[in-house]
Amino acid sequence: MRTRTGKIALLAMLVAAAFVLAYLESLIPTFIAVPGVKLGLTNLVVLVALYKLGWKEALVINVIRIVLVGVTFGNMFSLMYSLAGGLLSGAGMIVLKNVCRARLVSVSVVGALLHNLGQLIVAMIVLDSSSLFYYLVVLWIAGAVAGTFLGLICVPIVKSIKKIP
């Protein structure tokens, strides 16, 4: 049985792993000339937490990671965009996994799509422009590709972790 201290230490290590992945992703040059498109490597940690620890832990890791990355590498706007995307994505992944019993790759793809939707909604509010909605098609194509890629990477990771003590 996991102690409270052990659980906090595990969550802190997973937040640190997500933070490092966010930093590494920031070093990857953008090959696609589309603003806002990235792999979302930190979602690997959130997916592992969701499947191996539970939805509350995954949500905690996601929110703490978003705040830390936003404060460290971003600004108030990037924090707003990330929180909107992360919370919508997290809620969707939790529902898909726990209610719909969807497969991990599907959960990853929908998480990526909802993340893009959440960020675009904030952009439309901040810029007071609904004309940005057309951009969702571009973001969803990129999100579907990235979500599939990350989901396929995450499946063997989740399978290889028998039990987190």
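The structure reproduced in this document is the subject of the present report. (Residues numbered from 1 in each chain as written. Predicted model: local features only at pLDDT ≥ 70, side-chain atom pairs only at ≥ 80, totals over all residues. Heavy atoms only, no water.)

### Considerations on the overall build of the chain
No. 1: A tally of regular secondary structure across the chain gives six helices and zero strands.
No. 2: In the chain, the succession of α and β elements from N to C terminus is α-α-α-α-α-α.
No. 3: Whereas a compact globule of 165 residues would reach a radius of gyration of roughly 15 Å, the chain reaches 16 Å, a difference of no more than 12%.
No. 4: In the chain, which comprises 165 residues, the share counted as buried stands at 39%. (Helix = DSSP H or I, 4+ residues; strand = E, 2+ residues; numbered from the N terminus. Rg over C-alpha atoms; globule rule 2.2 N^0.38 Å. Buried < 20%, exposed > 50% of the residue type's maximum accessible area, 1.4 Å probe, protein only.)

### So, the nonpolar core
No. 1: Judged by nonpolar contacts, the single largest core of 24 residues is most densely connected at Ile61 and Cys154.
No. 2: When contributions to this core are tallied by element, the ones reaching two or more residues are α1 (4-27), α2 (43-52), α3 (55-73), α4 (76-98), α5 (104-126) and α6 (135-160).
No. 3: In terms of residue count, α2 provides more of this core than any other element does, seven residues in total.
No. 4: The contact partners of isoleucine 61, leaving out residues within four places of it in the chain, are Leu11, Leu14, Val15, Val45 and Ala49. (Core = buried A, V, L, I, M, F, W, Y, C linked by side-chain atoms within 4.5 Å. Contact = heavy atoms within 4.5 Å.)

### A look at the packing of α2 against α3
No. 1: Here α2 crosses α3 at 160°, and the two axes come no closer than 7 Å. By the angle between their axes, α2 is roughly antiparallel relative to α3. Viewed along their axes, α2 and α3 form a crossing whose handedness is right-handed. In contact with Val45, Val46, Ala49 and Leu50 of α2, α3 contributes Trp55, Ala58, Ile61 and Asn62.
No. 2: Considering only residue class, the contact of α2 with α3 consists of seven nonpolar, one polar and no charged. (Axes fitted to C-alpha atoms, helices over the stretch in contact; angles between N-to-C directions. Parallel < 35°, antiparallel > 145°, perpendicular 65-115°, else oblique. Left-handed = near helix turned anticlockwise from the far one by under 90°. Nonpolar A, V, L, I, M, F, W, Y, C, P; charged D, E, K, R; others polar.)

### Remarks on α2
No. 1: In terms of burial, α2 is largely enclosed, as eight of its 10 residues are buried.
No. 2: Every buried residue of α2 is accounted for by Asn43, Leu44, Val45, Val46, Leu47, Val48, Ala49 and Leu50.
No. 3: The elements touched by buried residues of α2 are α1, α3, α4, α5 and α6.
No. 4: Downstream of α2 by one or two residues, glycine 54 has phi in the positive range, about 135°.

### Regarding the pattern of salt bridges
No. 1: Counted under the stated rule, the structure contains one salt bridge.
No. 2: For the salt bridge of glutamate 57 with lysine 7, the shortest nitrogen-to-oxygen distance reads 2.7 Å. Of this pair, glutamate 57 sits in helix α3 while lysine 7 is found in helix α1, placing the two residues 50 residues apart along the sequence.
No. 3: In this structure lysine 7 comes out as partly exposed when scored by relative accessible area, which is 31%. (Salt bridge = Lys/Arg side-chain N within 4 Å of Asp/Glu carboxyl O.)

### Some thoughts on the packing of aromatic side chains
No. 1: Scanning the entire structure with this criterion turns up three aromatic pairs.
No. 2: Considering the side-chain rings of phenylalanine 19 and phenylalanine 73, the 5.4 Å spacing of their centres and the 20° angle between planes classify their relative orientation as stacked. One end of the pair, phenylalanine 19, is in helix α1; the other, phenylalanine 73, is in helix α3, with 54 residues separating them in the sequence.
No. 3: Lying over the aromatic face of tyrosine 51, lysine 97 brings its terminal NZ or CZ to 5.2 Å of the ring centre. (Phe/Tyr/Trp six-rings, centres within 6.5 Å; stacked < 30°, edge-to-face > 60°. Lys NZ or Arg CZ within 6 Å of the ring centre and 35° of its normal.)

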